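Residue-level structure breakdown
Each chain, letter by letter, is given below.
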Amino acid sequence: GGGGDSSDSSKGRNFSVVALVTALAGTFQARQAADGLFYFKVATEVCIDTYHALLAYLDERRSLALEEKLARQQDGDTTEEAVSAPFEAEYVLSEVLVGWALDVMVVYLLASPLKGGTGAWREKLPPTVSGVMKRVFPGTRPYHPFQKGAFSFAARATCLPAKCVQFALLGAACGFVGQASANALSEFRYSRALRRAEREGDPEPPPLPPPPDATATLALWGWFTGVSTCLRQISVVSLERLATDLCGEMAGTLAKVPLLSMPPALARAMGPAAPATWIPMLATFGLRYWNGKVGAELFARAAEATGAGGDDEDDDDDDLAASFVFDAKDAAPR
């Protein structure tokens, strides 16, 4: 009897990554079933964040190229030789991937699933981790303070600090991974440049300036995501719900306008919760684009105030050395 109990117990504790991923994918489907715009919101966040990250990166490269050109002109060099500000795909990729992970989880944490469509994935985790997750996500609180449902005032009131903590942990993890990967890529690229200089007999590039501290980036991202991003995202979700409710009340009138009606094929792909018109989609895109612009500005000010993005005001650093350093602030939490 004892041997059978031990076998059943070890079988229950068996951890399968495939089963966990399958169950977790089910929670995404449950959110899409409850909100026909869930995947559209994820795609909107990803596209807007990628656009802002690339725009900030190209602007930084353009500024570096202009500074180098002005320096050459001051030295009497009037040649139109291309400046050394190449497109560094590895840096952009590391930033964009971290930004995508953050975007997906930000939308995920505030989206309520269809009833019965969540919780199974926790059972696929090891027992200790599953116990912690049940305490962090007890299931008795709404997914955001303004979610529909018969939640008590206490549950809605405690939802806000709980979400702030979840967002802070998520932001801190993404900030640390993003900054650490960017620093590692900088070191790799610089060492590769040293080897190339030795092989071709060129002058060695100047020493690398100190890279941004990953711990400082962790603290900044955690604080900013836990406070600013969380509050703004909750506001966006609440306004999206208001727009959806208003469109639902006016569905009969709006459906009479052919250009506003949702194509049947697209509505079927979105599931039973698909909106009847384009208006909720347009409202979602507009709100999230505005939120992305505001978030980028606020984060730039926060990074400048704390100095977590490195010292951009040190005019003594050589431009070539600075071209080997890249930080994760352009993939800022929005």
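In what follows, the structure referred to is the one given above.
Quick look at the structure, then. (Residues numbered from 1 in each chain as written. Predicted model: local features only at pLDDT ≥ 70, side-chain atom pairs only at ≥ 80, totals over all residues. Heavy atoms only, no water.)

A short note on the packing of helix 3 (residues 38–74) against helix 11 (residues 279–306)
At a minimum axis distance of 10 Å, the contact between helix 3 and helix 11 shows a crossing angle of 35 degrees. Viewed along their axes, helix 3 and helix 11 form a crossing whose handedness is right-handed. Contact with helix 3, carried on its side by Phe40, Lys41, Thr44, Glu45, Ile48, Tyr51 and His52, involves Met281, Thr284, Phe285, Arg288, Tyr289, Gly292 and Lys293 of helix 11 and no other residues of that element. When grouped by side-chain class, the residues that make up the contact of helix 3 with helix 11 number six nonpolar, four polar and four charged. (Axes fitted to C-alpha atoms, helices over the stretch in contact; angles between N-to-C directions. Helix = DSSP H or I, 4+ residues; strand = E, 2+ residues; numbered from the N terminus. Left-handed = near helix turned anticlockwise from the far one by under 90°. Contact = heavy atoms within 4.5 Å. Nonpolar A, V, L, I, M, F, W, Y, C, P; charged D, E, K, R; others polar.)

Looking at a positive patch on the surface
A cluster of basic residues, Arg192, Arg195, Arg196 and Arg199, forms a positive patch on the protein surface. Examined against the element boundaries, Arg199 turns out to sit in helix 7 (residues 153–200). (Patch = residues over 30% accessible without salt bridge, like charges linked within 9 Å, V, L, I, M, F, W, Y side chains within 5 Å. Areas by Shrake-Rupley, 256 points an atom, 1.4 Å probe, with all protein chains shown as cover. Salt bridge = Lys/Arg side-chain N within 4 Å of Asp/Glu carboxyl O. Lys, Arg positive; Asp, Glu negative; His and termini not counted. Charge placed at Lys NZ, Arg CZ, Asp CG, Glu CD.)

What about a nonpolar patch on the surface?
Where nonpolar side chains cluster on the molecular surface, the patch consists of Leu160, Trp223, Val227 and Leu231 and spans about 350 Å² of accessible area. No other element matches helix 8 (residues 214–249), which puts three residues into the nonpolar patch. Among the secondary structure elements, Leu160 is positioned in helix 7.

A few points about the pattern of salt bridges
Within this structure, the stated rule accounts for six salt bridges. One salt bridge connects Glu240 with Lys41, and the closest N-O pair in it is separated by 3.3 Å. Separated by 199 residues along the polypeptide, Glu240 in helix 8 and Lys41 in helix 3 bring together distant segments of the chain. Each of the two residues, Glu240 as well as Lys41, counts as buried. One salt bridge connects Glu45 with Arg288, and the closest N-O pair in it is separated by 2.7 Å. A residue pair is termed long-range when its members are at least 10 positions apart, and Glu45 in helix 3 and Arg288 in helix 11 qualify at 243 residues. A residue is classified by how much of its surface remains accessible, and Arg288, at 2% relative accessible area, is buried. (Buried < 20%, exposed > 50% of the residue type's maximum accessible area, 1.4 Å probe, protein only.)

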